[in-house]
Amino acid sequence: MSKNLLQINEENDQSWDRLLHIKTSGRDDSKSDSYRYPYEPTPYSVLERLANSGYIRKKNVVVDYGCGKGRVDFFLSYQLRCQTIGIEYDERIYESALANEKSALYSSKTSFICENAEQYDIPKEVDRFYFFNPFSLEIFRSVLSRIIDSYYENPRQIYLFFYYPQAEYISYLMTRDELLFTDEISCEDLFEGKDSRERIIVFELM
């Protein structure tokens, strides 16, 4: 009997967690509200597609907003040998990321910070930013302002990645003169139902 896409993705997620010696599965909405959304890990199949896109390489530094238990960070650091920084406001979930850091197969280039995203001071070497609907548009506006300020203080090539983007996010991003829509990495074929939101939208900061 052939497996459906849901089964394939679940097995793939379990295989990657085992390989990386981490535990990142499961949704957690214990501290979610109208501003900060539940933790839900990005499927590894989507991260594989991102890693193969060529936008992130060994020399890059990625900030993962709403990193949760650290799946994005551990995967990208392992696959691409890039540096990753996970930002998580929920102390309990942050502790899970730290526990994974202790057991992870490859964590020398991964770090985690427990802080509200809108208050995080962006290091000048950070040049890639990942979002999987971690918070409301109101918070995102503040975060984007910090990213833009960081760019003007230290001009560099910056890409922003938005997985499964909300319509209000896209509408807002399209109005910002500082941002250039660069690419769309389709992920529709990875899941059942042909969901048009199954994609990674890429913007470059200009």
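Check the entry above for the structure.
Criteria and cut-off values
Residues numbered from 1 in each chain as written. Predicted model: local features only at pLDDT ≥ 70, side-chain atom pairs only at ≥ 80, totals over all residues. Heavy atoms only, no water. Helix = DSSP H or I, 4+ residues; strand = E, 2+ residues; numbered from the N terminus. Rg over C-alpha atoms; globule rule 2.2 N^0.38 Å. Buried < 20%, exposed > 50% of the residue type's maximum accessible area, 1.4 Å probe, protein only. Areas by Shrake-Rupley, 256 points an atom, 1.4 Å probe, with all protein chains shown as cover. Lys, Arg positive; Asp, Glu negative; His and termini not counted. Charge placed at Lys NZ, Arg CZ, Asp CG, Glu CD. Core = buried A, V, L, I, M, F, W, Y, C linked by side-chain atoms within 4.5 Å. Contact = heavy atoms within 4.5 Å. Pairing = 2+ DSSP bridges. Right-handed = clockwise from strand over helix to strand, strands pointing away. Phe/Tyr/Trp six-rings, centres within 6.5 Å; stacked < 30°, edge-to-face > 60°. Lys NZ or Arg CZ within 6 Å of the ring centre and 35° of its normal. Expected span 1.5 Å × (residues − 1). Arc of directions from axis to C-beta.

## Describing the overall build of the protein chain
Piece 1. A tally of helices and strands in the protein chain yields six helices and seven strands.
Piece 2. Secondary structure of the protein chain in N-to-C order comes out as α-α-β-α-β-α-β-β-α-β-α-β-β.
Piece 3. Expected size for 206 residues packed as a compact globule is a radius of gyration near 17 Å; at 16 Å, the protein chain falls within 12% of this value.
Piece 4. For the protein chain, the spread of C-alpha atoms along the three principal axes comes to 55 × 40 × 35 Å.
Piece 5. Within the span of the protein chain, comprising 206 residues, buried residues form 51% of the whole.
Piece 6. Surface exposure of the protein chain reaches about 10,000 Å², of which carbon and sulfur atoms provide 46%.
Piece 7. Of the charged side chains in the protein chain, 25 are positive and 35 negative, and the gap between their average positions amounts to 5 Å.

## What about the nonpolar core?
Piece 1. Core analysis: the largest hydrophobic core is formed by 33 residues, its most contacted members being Ile 56, Phe 75, Leu 76, Tyr 130, Phe 161 and Ile 200.
Piece 2. In contact with Phe 75, other than residues within four places in its own chain, are Trp 16, Leu 20, Tyr 44, Leu 47, Glu 48 and Ala 51.
Piece 3. Within the second largest apolar cluster, 31 residues are counted, among which are Val 61, Phe 129, Tyr 151 and Ile 170.

## Quick word on the environment of Asp 17
Piece 1. For Asp 17, the location among the structural elements is in helix H1 (residues 5-20).
Piece 2. Overall, Asp 17 belongs to the buried group, its relative accessible area being 8%.
Piece 3. C-alpha of Asp 17 to C-alpha of Phe 74: the two residues are 57 residues apart in sequence and 9.7 Å apart in space.
Piece 4. Sequence-distant contacts of Asp 17, defined by excluding residues within four places in its chain, comprise Ile 22, Lys 23, Thr 24, Ser 25, Tyr 44 and Arg 71.

## Regarding the pairing of strand S3 (residues 110-114)
Piece 1. Bridge count between strand S2 (residues 83-88) and S3: five bridges; the pairing is parallel. Among the inter-strand pairings, Ile 85 is bridged to a residue of S3, identified as Ser 111.
Piece 2. Each parallel crossover has a hand, and for S2 linked through helix H4 (residues 91-103) to S3 it is right-handed.

## Description of unusual backbone geometry
Excluding glycine, a negative phi dihedral is what most residues carry, and trans is how most peptide bonds are arranged.
Piece 1. One non-glycine residue, His 21, lies in the positive phi region at around 60°.
Piece 2. Considering the arrangement of structural elements, one finds His 21 in the loop between H1 and helix H2 (44-51).
Piece 3. Residue His 21 is classed as partly exposed on the basis of its relative accessible area, which comes to 44%.
Piece 4. For Asn 133, which is not a glycine, the phi torsion comes out positive at approximately 45°.

## Overview of the packing of aromatic side chains
Piece 1. Per the counting criterion, the structure on display carries 22 aromatic pairs.
Piece 2. Centre to centre, the rings of Trp 16 and Tyr 78 are 6.2 Å apart; their planes meet at 75°, and the pair counts as edge-to-face. Here Tyr 78 lies in helix H3 (residues 71-80) and Trp 16 lies in helix H1, a separation of 62 residues in the sequence.
Piece 3. An aromatic cluster is built from Tyr 65, Phe 129, Phe 131, Phe 135, Phe 140, Phe 162, Tyr 169, Tyr 172, Phe 181 and Phe 203, whose rings are joined through pairwise contacts.
Piece 4. Directly above the aromatic system of Tyr 106 lies the positively charged group of Arg 81, at a separation of 4.1 Å from the ring centroid.

## Some words on H4
Piece 1. Over its 13 residues, H4 extends 19 Å from the first C-alpha to the last, a length consistent with the 18 Å expected when each residue adds 1.5 Å.
Piece 2. Among the residues making up H4, those that are buried are Ile 93, Tyr 94, Ala 97 and Asn 100. Buried residues in H4, looked at end-on, bunch into an arc of 110°, giving them a common side. Along H4, the residues that are exposed and aim more than 90 degrees away from the buried face are Glu 91 and Lys 102.
Piece 3. On its buried face, H4 sits against H3, S2 and S3.

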